[in-house]
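# A structural walkthrough
One-letter residues, chain by chain:
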Amino acid sequence: MADLSVGLGPTVLSTPLVAAAGTVGSVVDFTEVTDFSWYGAAVAKSVSGEPWTGRPPPRVGPAGVGMLNGIGIQNPGIDVWVEKVVPELTTVPTQVWGSAGGNTPDEFAGVAAGYAGAGLPAIEINLSCPNLDGHMFALSPSLAAEVVSAVRAEVDVPIGAKLSPNSEDIVSVAAACADAGADWVVLTNTAWGAGIDIHTRRPTLSGVIGGYSGIPIKPLALRCVIEVHRALPDLPILGCGGIASGEDVIEYFLAGASAAGIGTIHFAEPRAAKRIIKELESLLRRLGVTRLADLTGAMES
Ligand SMILES: Cc1cc2nc3c(=O)[nH]c(=O)nc-3n(C[C@H](O)[C@H](O)[C@H](O)COP(=O)(O)O)c2cc1C
């Protein structure tokens, strides 16, 4: 059996799969639905400094084989989250990471401090939510770096910067985040998208434009992984976008990823992680690969 354990910067994961933020609720919410021991880590939905109510409905909708969402990071704020969710995390058989959201670098840093103070082992910085009014930090290397620096100054735990496939220059944003102290980058969040009901002439999402995810975005995110790994081979990458099979995981590793996030597949198949791991084991056996981590960046070109 191939060794599926991987390293993502300073963090060791027992399997390469990471449950993507926002697709398994607070993680605790999802423990009755899936067995988290198939995952190396699970990321809870993003949380801000103060409670956010999110967008009005409709907030999710189908878009071909993909999915649109415009939830607007509805969450109770970091203090309530820590009080309500953290005591339950001992029931989750994998490591749970927090995901920090915010409108200012200080807000991100405050959320990260809340997570770290509560003992969470790692934190994602959601620089790339496509549903917020105002700017998306991940589009600008300097704004992204400001947020990462503020978080880095506040916490010692490993941090991952979650970036956007809509960035004009993903390599510059990734480099700025690494220089500012990110231990890895998450490539990527959803892509901007929209849909319209031709009968009502109303948009699929109340916010009109939201995040497009699932199988169709795999080539978009994979392109980001390839570009960043080529330019910055020492920067660890958590690949994410459209992963739905063991083959997809291997593709992301070949492109340069060291771990694989799975998101939208949970909505169609909540227990997908077990199937994906079984497919991965069988494919690695057929390919004669004894250690998944050896495939990172092994694409021939
Ligand atoms: C309904 C929904 C909610 C999401 N919420 C968050 C979130 O709170 N924070 C975040 O960083 N990403 C969020 N994402 C993005 C996912 O974590 C993931 O990066 C993206 O969907 C691409 O992966 P996928 O194609 O496997 O879903 C959300 C995605 C969906 C579909």
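Just so it is clear, the model here is predicted, and its values are computed rather than measured.

The subject of this paragraph is the layout of surface pockets. Here the largest pocket is characterised by a volume of approximately 750 Å³. Forming the boundary of the largest pocket are 41 residues, of which T23, N69, T190, S213 and T264 lie nearest the centre. Looking at side-chain class alone, the lining of the largest pocket contains 18 nonpolar, 21 polar and two charged residues.

What follows is about the site of the ligand. Close to the ligand lie 22 residues; A21, S46, K162, G242 and T264 are nearest. For the ligand, an oxygen atom lies 2.6 Å from a polar atom in the side chain of T264. Contact with the protein chains hides 98% of the accessible area of the ligand, taken as 610 Å² for the molecule alone. Judged by the proximity of its atoms to the pocket grid, the ligand belongs to the largest pocket. Taken together, the residues of the shell around the ligand break down into seven nonpolar, 13 polar and two charged.

Now for empty space enclosed by the protein. What the rule picks out here adds up to one cavity of 30 Å³ or more. In this structure, the largest cavity occupies an estimated 40 Å³ of space. Secondary-structure elements contributing two or more residues to the lining of the largest cavity are β3 (17-19) and β13 (237-240). Along the lines of polarity and charge, the residues of the lining of the largest cavity split into eight nonpolar, one polar and two charged.

Attention shifts here to the pattern of salt bridges. Tallied over the entire structure, the rule returns eight salt bridges. Among the ionic pairs, K278 bridges to E281, the shortest N-O distance being 3.9 Å. Highlighted residues: K278 and E281, both in helix α8 (residues 272-287), separated by three residues, approximately one helical turn. Here K278 falls in the partly exposed class, since its relative accessible area comes to 41%. Here D294 and R291 are joined by a salt bridge, their closest N and O atoms 2.4 Å apart. Look at R291 and you get partly exposed, because its relative accessible area is 38%. Counted as one network, the salt bridges with shared partners bring together K218, D248 and E251.

Reading the values: rules and limits
- Residues numbered from 1 in each chain as written.
- Predicted model: local features only at pLDDT ≥ 70, side-chain atom pairs only at ≥ 80, totals over all residues.
- Heavy atoms only, no water.
- 1 Å grid on protein atoms, 1.4 Å probe; cavity = no way out; pocket = protein on both sides within 12 Å on 5 of 7 lines; lining within 4 Å.
- Points joined across faces, edges and corners; volume = space filled by probe spheres on them.
- Nonpolar A, V, L, I, M, F, W, Y, C, P; charged D, E, K, R; others polar.
- Near = heavy atom within 4 Å.
- Polar contact = N/O pair within 3.5 Å; in protein donor to acceptor, adjacent residues only side chain to side chain.
- Areas by Shrake-Rupley, 256 points an atom, 1.4 Å probe, with all protein chains shown as cover.
- Sits in = over half its atoms within 2 Å of the grid points.
- Helix = DSSP H or I, 4+ residues; strand = E, 2+ residues; numbered from the N terminus.
- Salt bridge = Lys/Arg side-chain N within 4 Å of Asp/Glu carboxyl O.
- Buried < 20%, exposed > 50% of the residue type's maximum accessible area, 1.4 Å probe, protein only.

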